[in-house]
Amino acid sequence: MARKKQYIESEVIDRAMQLFWRNGYESTSMHMLEREMGINKFSIYSSFGNKHGVFLECLKSYKKRVHAIFEKFKKAKNGVEDIKAFFYDSVAIGNMNGNQKGCLVTNTYYEFAHSDDQLVKEEMESFMKNLKQLFIEKLKINTEKDLDIIEQQANYLLLAKHGLAAATKVNSNKEIEDYIEMTFNNI
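Residues numbered from 1 in each chain as written. Predicted model: local features only at pLDDT ≥ 70, side-chain atom pairs only at ≥ 80, totals over all residues. Heavy atoms only, no water.

> Any details on the overall build of the protein? Residues and values, ideally.
Helices and strands together make up the secondary structure of the protein, namely nine helices and zero strands. Ordered by position from the N terminus, the helices and strands of the protein form the series α-α-α-α-α-α-α-α-α. Its C-alpha atoms give the protein principal-axis dimensions of roughly 65 × 30 × 30 Å. Here the protein, with 187 residues, has 44% of them falling under the buried criterion. Across the protein, the fraction of contacts at a sequence separation of at least 24, relative to all contacts at a separation of at least 6, is 65%. (Helix = DSSP H or I, 4+ residues; strand = E, 2+ residues; numbered from the N terminus. Buried < 20%, exposed > 50% of the residue type's maximum accessible area, 1.4 Å probe, protein only. Contact = heavy atoms within 4.5 Å.)

Take a look at the structure:
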């Protein structure tokens with residue numbers, strides 16, 4: 001007879017996500033996961049398969065966490081101003097109580113850039129492709145720019161968003177604000 005879980009899965013995944021967010025995938029050991037999640041290896045393997053399975057669940061949980069700002073961004077109708085608001089909202093996520101600085105997706109994107117892990121790479125590529133498409137949609141609002149310029153600006157904004165995520169780990173709020181304002185002076 002199967003034993004009843006003595007933990008709430010969403011809570012242990014949230015704790016694991018914080019650990020991966022702080023340390024990255026490679027630097028997080030099973031022992032660290034056990035300690036952070038408050039469950040033993042058997043429970044981890046039984047529920048999630050392995051460290052990789054825990055990590056994939058953490059990415060799904062993170063996407064749920066940032067869902068609200070993406071929905072707000074998708075529904076907005078003010079073009080470039082919406083992108084700028086999205087940048088500020090992204091910074092605010094990292095500043096929320098209990099969250100780590102930076103962006104888990106950006107951290108993962110960097111860490112897995114040269115990895116053979118197709119599942120994580122597909123998650124990251126899908127996320128970045130969708131974000132770029134949203135940038136393109138917003139850049140097309142109220143503009144006479146041709147599609148080549150819009151594509152270049154979307155690429156620029158995607159890279160600026162990566163830079164912003166990295167900067168939020170170490171830079172002051174004033175420096176972050178200046179970075180965002182200067183980014184949009186160039187659009």
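> Kindly report on the nonpolar core, identifying the contributing residues and their values.
Core analysis: the largest hydrophobic core is formed by 54 residues, its most contacted members being Leu33, Met37, Val54, Tyr62, Phe87 and Phe135. Examining the composition of this core, we find that 10 residues originate from one element, helix 4 (residues 51-75), more than from any other. Leave out the neighbours within four places in its chain, and Tyr62 touches Met17, Trp21, Ile93, Cys103, Leu104 and Val105. (Core = buried A, V, L, I, M, F, W, Y, C linked by side-chain atoms within 4.5 Å.)

> Please give an account of the side chain of Thr28 that cites residues and values.
Here Thr28 shows up in the loop between helix 1 (9-23) and helix 2 (30-37). Judged by its relative accessible area of 1%, Thr28 is buried.

> Please provide a residue-by-residue account of the packing of aromatic side chains, values included.
Taken as a whole and assessed by the stated rule, the structure comprises 13 aromatic pairs. Taken together, the ring pairs connect Phe70, Phe73, Phe86, Phe87, Phe127, Phe135 and Phe184 into an aromatic cluster. One cation-aromatic arrangement involves Lys138 over Phe73; the distance from NZ or CZ to the ring centre is 5.7 Å. (Phe/Tyr/Trp six-rings, centres within 6.5 Å; stacked < 30°, edge-to-face > 60°. Lys NZ or Arg CZ within 6 Å of the ring centre and 35° of its normal.)

> Mind laying out the environment of Glu36, listing which residues take part and the relevant values?
Residue placement: Glu36 occurs in helix 2. A relative accessible area of 28% means that Glu36 is categorised as partly exposed. Excluding anything up to four places from it in sequence, Glu36 contacts Arg15, Leu19 and Arg22. Reaching out from Glu36, the side chain makes a polar contact with the side chain of Arg22 at a distance of 3.3 Å. (Polar contact = N/O pair within 3.5 Å; in protein donor to acceptor, adjacent residues only side chain to side chain.)

These results come straight from atomic positions and should not be treated as a statement about function.
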